[in-house]
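# Close look at the chain arrangement
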Amino acid sequence: MRASESIRRLVAENSLRTDDLIAPIFVCDDPKEISSMPGISQVSPNKVADTVTQLDALGINAVILFGVPTTRDSVGSDAYSSTGIVQRATNEIKSRLGDSMLVIADLCLDEYVEHGHCGVLDSQGRVDNDATLEVYSRIALSQAQAGVDMVAPSGMMDGQVRAIRNVLDANSFGSVSIMAYSAKYSSALYGPFRDAVDVHLAGDRKTYQQDPSNVREAIEEVLYDVREGADIIMIKPAGHYLDVISRVRERINNPICAYQVSGEYSMIKAASAKGWIEEDQVVFETLLSIKRAGADMIITYFAPFVARQLRG
Ligand code: PBG
């Protein structure tokens, strides 16, 4: 059953397809290369439609946008401005590609505030869950008005999915869907991403994001989000959390997205730059493992590379 490539293909239980891939894009008015993520650069709003057209030509159908605003303040106002960085990028992509490219917007505050937390702070400097929900609602509405197909709340505030669903439905955006970062671990693997978005977090997010030692808690978080109206459930990071993916797969019928995060990307890049691993093979093996665990789709910085390889 393994004697030839053709029999192996015939009996393969899982496969990686270009349709499974979501490509992350960092949008910035003054774009830079990201030194801790070789091969990844920020893109300006006036070039983003070109970048996305190239992805479209490779067969990639979906992108997720992260904004790196020029100015930050205490409430993250660029995140919900009609001329905010993500809103402008969305306008450019949608006017060039329309429905042929699914645009997902990361919905969070960390890139838009001075302190780098995912929410607004109370007078004692703690993240204020309910005040943050109000700001998330404004961001969701503004991203929907700009034309995104899907919003992806990534701050793990309690009640965020319900608050966003309500505001979208009340404003005739019932068809804008929600990809919830339901099981987002408080992970050290986001380090290179923070360089990419220039966020310098003082402290950590252990009070509102998952403890790496827990899995049952992740399942509970996922079930809350499904009940609140999440369309797609996300688990992040991916490669070190395959058990979480597979446990969640057994419990829900919603599509599952896994995020192969910046640290996972950079570790592969660094080891392959040293000549210690075969990059192409490791990339495919990691992504296939994420599929095998039960993910339906994967956000990965390797998306263009994989799409090129699959095209042959
Ligand atoms: C929050 C957000 C982060 C990532 C995705 N959305 C940063 C964080 O939580 O610190 C990290 C993704 C990655 O590491 O690739 N806006």
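Residues numbered from 1 in each chain as written. Predicted model: local features only at pLDDT ≥ 70, side-chain atom pairs only at ≥ 80, totals over all residues. Heavy atoms only, no water.

### Description of the layout of surface pockets
Looking at the largest pocket, its volume works out to about 460 Å³. In terms of lining, the largest pocket is formed by 21 residues, of which the most central are Gly39, Ile40, Leu55, Tyr301 and Pro304. Only strand E1 (21–28), helix H2 (45–57), helix H9 (262–273) and helix H11 (303–311) provide two or more residues apiece to the lining of the largest pocket. Ranked by the residues each element gives to the lining of the largest pocket, the list is headed by E1, at four residues. Of the residues in the lining of the largest pocket, the class split is 14 nonpolar, four polar and three charged. One number sums up the size of the second largest pocket: a volume of about 360 Å³. At the level of secondary structure, the elements contributing two or more residues to the lining of the second largest pocket comprise helix H1 (5–11) and helix H10 (279–293). Per-element tally for the lining of the second largest pocket: the top contributor is H1, with three residues. Looking at the lining of the second largest pocket residue by residue, the class counts come to five nonpolar, two polar and three charged. (1 Å grid on protein atoms, 1.4 Å probe; cavity = no way out; pocket = protein on both sides within 12 Å on 5 of 7 lines; lining within 4 Å. Points joined across faces, edges and corners; volume = space filled by probe spheres on them. Helix = DSSP H or I, 4+ residues; strand = E, 2+ residues; numbered from the N terminus. Nonpolar A, V, L, I, M, F, W, Y, C, P; charged D, E, K, R; others polar.)

### Some points on the site of the ligand
The ligand sits among 18 residues. The nearest are Lys184, Arg205, Lys236, Ser262 and Tyr301. Contacts to the ligand include serine 154, whose side-chain N or O atom sits 3.5 Å from a nitrogen atom. Side-chain polar atom of arginine 205 to an oxygen atom of the ligand: 2.5 Å apart, as the coordinates give it. Surface burial for the ligand is 100%, taken as the share of its 410 Å² of free accessible area covered by protein chains. Assessed atom by atom at 2 Å from the grid points, the ligand resides in the largest cavity. Mapped onto the shell around the ligand, the elements with two or more residues apiece are strand E5 (177–184) and helix H6 (191–196). Of the residues contributing to the shell around the ligand, the split by class is nine nonpolar, two polar and seven charged. (Near = heavy atom within 4 Å. Polar contact = N/O pair within 3.5 Å; in protein donor to acceptor, adjacent residues only side chain to side chain. Areas by Shrake-Rupley, 256 points an atom, 1.4 Å probe, with all protein chains shown as cover. Sits in = over half its atoms within 2 Å of the grid points.)

### Let's talk about the nonpolar core
Grouped together as the largest cluster of nonpolar side chains are 110 residues, with contacts concentrated most on Leu168 and Met179. Once you skip the residues sitting within four places of it in the chain, leucine 168 turns out to touch Ala140, Ala144, Val151, Phe173, Gly174, Val176 and Ile178. (Core = buried A, V, L, I, M, F, W, Y, C linked by side-chain atoms within 4.5 Å. Buried < 20%, exposed > 50% of the residue type's maximum accessible area, 1.4 Å probe, protein only. Contact = heavy atoms within 4.5 Å.)

### Topic: the sheet that holds strand E6 (residues 232–236)
Taken together, the eight strands give a closed barrel; going around it, the order is E1-E2-E3-E4-E5-E6-E7-E8, and neighbouring strands pair in parallel fashion. Recorded for the sheet is a direction-independent mean angle of 30° between the axes of neighbouring strands. Two strands pair when backbone bridges link them, and strand E7 (residues 256–260) and strand E8 (residues 297–300) are joined in this way by four bridges, in the parallel orientation. Across the sheet, the residue bridging to cysteine 257 is methionine 297, located in E8. Helix-sheet contacts for H11 involve E1 and E8, and the interaxial angle to E1 is about 140°. (Pairing = 2+ DSSP bridges. Axes fitted to C-alpha atoms, helices over the stretch in contact; angles between N-to-C directions.)

### Regarding empty space enclosed by the protein
For the structure on display, the rule yields one cavity of 30 Å³ or more. Considered as a void within the structure, the largest cavity measures approximately 130 Å³ in volume. Those elements that place two or more of their residues in the lining of the largest cavity are E5 and H6. Grouping the amino acids of the lining of the largest cavity by side-chain chemistry returns eight nonpolar, two polar and seven charged.

### Some details on the packing of aromatic side chains
With the rule as written, the count across this model stands at eleven aromatic pairs. Aromatic pair phenylalanine 66 and tyrosine 259: ring centres 6.4 Å apart, planes at 40°, arrangement tilted. Of the two residues, phenylalanine 66 is situated in strand E2 (residues 62–68) and tyrosine 259 in strand E7; the sequence distance between them amounts to 193 residues. Side by side, phenylalanine 66 and tyrosine 259 carry an identical accessibility label, which is buried. Members of the aromatic cluster, each reached through a chain of ring pairs, are Phe26, Phe66, Tyr181, Phe193, Tyr259, Tyr265, Tyr301, Phe302 and Phe305. Taking the ring centre of tyrosine 190 as reference, the NZ or CZ of lysine 184 above it sits at 5.7 Å. Against the face of tyrosine 190 rests lysine 236, its NZ or CZ located 4.1 Å from the ring centre. (Phe/Tyr/Trp six-rings, centres within 6.5 Å; stacked < 30°, edge-to-face > 60°. Lys NZ or Arg CZ within 6 Å of the ring centre and 35° of its normal.)

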